[in-house]
Amino acid sequence: MAGQHPAIARWVDEISKLTTPDRVVWCDGSEAERNRLIQESVAAGELIELNQQKLPGCYLHRSATHDVARTEHLTFVCTREKDDAGPNNNWMSAADARGKLSPLFKGAMKGRTMYVVPFLMGPAGSKFSKVGVEITDSKYVVLNMRIMTRVGQVALEHLGSSDDFTRCLHSLGDLSPERRFICHFPEENTVWSIGSGYGGNALLGKKCMALRLASWLGKKEGWLAEHMLILGLTTPEGKKHYITAAFPSACGKTNLAMLVPPPSMPGWKAETVGDDIAWLRPGDDGRLWAVNPEAGFFGVVPGTSRKTNPNAFDMIQRDTIYTNVALRPDGTVWWEGHDDPAPPEALDWQGRPWTPASTEKAAHPNSRFTVAAAQCASISPEFENPKGVPIDAMLFGARRQRRVPLVYESRNWQHGTFLGATLSSETTAAATGKVGVLRRDPMAMLPFCGYNMGDYFAHWLAVGAKLAKPPKIFRTNWFRTGDNGKFLWPGFGDNLRVLKWILERCDGTGEVLETPIGCIPTKNAIDRKGTDLSDEAMATLLKVDPAEWAEAVHGQEDFLSSFGEHLPEEMREEHADLANRLSDAMTPADLRGRDTGH
Ligand code: GTP
Ligand code: SPV
Ligand code: MN
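Please read these numbers as outputs of a predicted model, since none were measured by experiment.

### Looking at the domain arrangement of the protein
Note on interface size: it is often stated as the accessible area lost on association of the parts. Domain boundaries assigned for the protein yield domain 1 (2-46 + 70-221), domain 2 (226-297 + 381-546) and domain 3 (298-375). The C-alpha centroid of domain 3 is placed 27 Å from the C-alpha centroid of domain 2. Taken together, the contact pairs 13 residues of domain 2 with 17 residues of domain 3. Together, the buried faces of domain 2 and domain 3 total about 1,100 Å²; carbon and sulfur atoms form 62% of this surface. Across the contact surface, domain 2 and domain 3 share 0 salt bridges. Counting the contacts that link domain 2 with domain 3 gives 4 residue pairs in polar contact (both at pLDDT 80 or more).

Written as structure tokens, this is what we have:
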């Protein structure tokens, strides 16, 4: 048990003295523990028991109204030097952060129970894997951590007598955004989070440890921690490939990771290795290998249906924690984009009466499910493989209504790194703030890179240099819209059509058309059999307008400059080369009027 580990015991003792809980509970990951926590949570009103005939083992949690998404403006990287955090992070000095947060933690657990949760990120027995211990006063956090990570003995065994574990301290505090801080101390392998009970702010193994601290560690140790799904694909000929894809929050990772091949593509098989985070290491064979450090899925609920994502829909019919969805009178749940029509009456995500005439959404747009990976019908047999899986292709994708084609291929690793570095996307409900605003999100890691992103781009180049057989890098966009404002591409399972072309490119086939931004598929290179996509729609989806792109490239200048001397020279070269290729491609009329933007 964790209490017998001297370094854990010392740390817990120190935090108990600071936070003064009424009692300390050491978590072991057992079923008995789960049942007890659920009972207590239901009694305390922190969970609502759902209809156990229809949704066995399922519960609903309602967050505080102002605690429903990541709060990036309250998230800090706390290094000694500001420059190490970079322009991409909010920074507080480590000393100031401790000075600010210690008084908030002081006595914060009085009248509450402190839970100590030892957890492992990554498969047991893997050299990729890392141990953390989360101290929290939230039962909901414990119940979620038990699904999202490997809790208990398995973590302690991995740790052995070492004291190399991430210290994750969490308290709900008073849940006020005024007194909410999510502070990372990479130099001390520590996270302090107070004032939020929401996912990425509170389940500290996820974004805090497995991305922000892990990216820092990866820089030191020669590997990458990325906001990426991992997907296995088997062709009808039986050839197996693995790909990863980095899309910003709520831009389609879970859905792509669980895709079901359309009926018109018989013989294809898709298997889920991960849906949110990948840890990637160069292998002795010169390939890049990936593991998913998580044990479950914390997925976006709205839009999840039997039609769009049957694997996800089926897996959340039992043993699932729902957060901030609507409750129907029969004790089942509903959300926008559900297969069932809107219920005549329901309680919305805040527990208020709701009818289809309501102007507000029934479920919060960032409502989530938490479910064990083992419940996913498409889970890969390699999910627990300590060696990971070898990656053939990496995708960078985002929400872009205009300009960005469905897919294009980078020229090489360096150009691919540039495509990742210049990614931008329309914002979503996964973080607080305005939705639909175009913002830069390099590698979909803007909110998650634990250090200066200029150094991070250099690290990408350094990892690539170690790979004799690097994955090919592609840019994708499922979200281009037509004149009517509707998505042009069917998306979801049909995304396999794009993946098929990508795999053909990995095998050295697949027809391409060279453009200044990279190679796009020829009009008929994407398999459209069984769809009603017209030639015209396909042409719009693949269109590359040099004049529009010249504007974009102009808009990249300030962004790239913001990293100062941390920006690798290679990124400037790629930027200049792209500008030159575009100006060569432009007509004299294009060259006259140009504006900025990204
Ligand atoms: P995080 O968990 O926040 O990191 O998000 P994610 O990248 O895993 O996003 P997810 O797959 O949960 O998708 C978010 C939203 O986008 C959901 O409402 C989906 O229904 C929708 N979506 C996903 N894939 C597609 C697609 O191919 N086309 C369209 N139109 N919508 C999609
Ligand atoms: C995201 O926002 O990218 C998520 C959800 O995956 S959270 O864990 O809350 O960060
Ligand atoms: Mn995510």
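### Observations regarding the site of ligand 2
Close contacts around ligand 2 come from 13 residues, with Arg70, Tyr198, Gly200, Lys207 and Ser249 the closest. Side-chain polar atom of Ser249 to an oxygen atom of ligand 2: 2.5 Å apart, as the coordinates give it. Summarising the interface, the protein chains cover 98% of the accessible area of ligand 2, which totals 290 Å² for the free molecule. Of all the secondary structure elements, the ones that give two or more residues to the shell around ligand 2 are α7 (199-202) and α8 (205-221). A class-by-class count of the residues in the shell around ligand 2 yields 4 nonpolar, 4 polar and 5 charged. For the shell around ligand 2, the two domains that each supply at least three residues are domain 1 (2-46 + 70-221) and domain 2 (226-297 + 381-546).

### Points about the site of ligand 1
If you check the shell around ligand 1, you find 21 residues, and the closest are Ala250, Lys253, Thr254, Asn255 and Arg368. Side-chain polar atom of Arg368 to an oxygen atom of ligand 1: 2.8 Å apart, as the coordinates give it. Between an oxygen atom of ligand 1 and a side-chain N or O atom of Arg399, the distance comes to 3.0 Å. When ligand 1 is considered free in solution it has 660 Å² of accessible area, and contact with the protein chains removes 92% of it. In terms of residues, the shell around ligand 1 owes the most to one element, helix α9 (residues 253-257), which gives 3 residues. Its residues assigned to classes, the shell around ligand 1 comprises 9 nonpolar, 8 polar and 4 charged.

### Looking at the coordination of the manganese ion (ligand 3)
Every protein donor of the manganese ion (ligand 3) is listed here as Lys207 (NZ), His227 (NE2) and Asp276 (OD), and their distances to the metal cover 2.2 Å. Each of the 6 donor atoms around the manganese ion (ligand 3) contributes to a set of angles spanning 72 to 172°, which defines the coordination as octahedral. Along the chain, the residues that donate to the manganese ion (ligand 3) are spaced as K-x19-H-x48-D. Of this pair, Lys207 sits in helix α8 while His227 is found in the loop between β12 (224-226) and β13 (228-234), placing the two residues 20 residues apart along the sequence.

### Details of the environment of Arg287
In this structure, Arg287 sits in the loop between β16 (278-282) and β17 (288-291). The spacing of Arg287 and Phe128 is 159 residues in sequence and 15 Å in space, taken between C-alpha atoms. Discounting chain neighbours no more than four positions away, the residues touching Arg287 are Arg281, Pro282, Pro390, Asp392, Leu467 and Lys469. At 2.7 Å, the side chain of Arg287 and the side chain of Asp392 are in polar contact.

### Some points on the environment of Ala589
Residue placement: Ala589 occurs in helix α17 (residues 588-592). Along the primary structure Ala589 and Cys27 are separated by 562 residues, whereas in three dimensions their C-alpha atoms are 68 Å apart.

### What to know about unusual backbone geometry
A positive phi angle, near 45°, is found at Thr20, a position not held by glycine. Turning to its location among the elements, Thr20 is positioned in the loop between α1 (6-19) and β1 (23-26). One non-glycine residue, Asp319, adopts positive backbone phi at about 45°. Following the sequence through the fold, Asp319 ends up in the loop between α10 (310-315) and β19 (321-323).

### Structural notes on helix α15 (residues 546-561)
Side chains three or four residues apart in an α-helix point the same way, a direct result of the helix having 3.6 residues per turn. For α15, built from 16 residues, the straight-helix expectation of 22 Å at 1.5 Å per residue is met to within 8% by its first-to-last C-alpha distance of 23 Å. Taken as a whole, α15 has its buried residues at Pro546, Ala547, Trp549, Ala550, Ala552, Val553, Gly555, Gln556, Phe559 and Leu560. You can read the cap of α15 off the contacts: a side-chain oxygen lies 2.9 Å from the backbone nitrogen of Ala547, and it is on Asp545.

### Description of the state of the cysteines
Counting across every chain of the model gives 0 disulfides. No disulfide involves Cys78; its sulfur sits 3.9 Å from the nearest other cysteine sulfur, which is in Cys183. Take Cys78: its relative accessible area is 1%, and that puts it in the buried class. With no disulfide of its own, Cys519 lies closest to Cys506 among cysteine sulfurs, the gap being 13 Å. Here Cys519 falls in the buried class, since its relative accessible area comes to 17%.

Conventions adopted
Residues numbered from 1 in each chain as written. Chains lettered and ligands numbered in written order. Predicted model: local features only at pLDDT ≥ 70, side-chain atom pairs only at ≥ 80, totals over all residues. Heavy atoms only, no water. Domains from an automatic or database assignment. Contact = heavy atoms within 4.5 Å. Buried area = accessible area lost by both parts, 1.4 Å probe. Salt bridge = Lys/Arg side-chain N within 4 Å of Asp/Glu carboxyl O. Polar contact = N/O pair within 3.5 Å; in protein donor to acceptor, adjacent residues only side chain to side chain. Near = heavy atom within 4 Å. Areas by Shrake-Rupley, 256 points an atom, 1.4 Å probe, with all protein chains shown as cover. Helix = DSSP H or I, 4+ residues; strand = E, 2+ residues; numbered from the N terminus. Nonpolar A, V, L, I, M, F, W, Y, C, P; charged D, E, K, R; others polar. Donors = N, O, S within 2.8 Å, 3.2 Å for Na, K, Ca; no water. Tetrahedral: all angles 85-135°; square planar, octahedral: opposite > 155°, others 65-115°. Expected span 1.5 Å × (residues − 1). Buried < 20%, exposed > 50% of the residue type's maximum accessible area, 1.4 Å probe, protein only. Disulfide = S-S within 2.5 Å.

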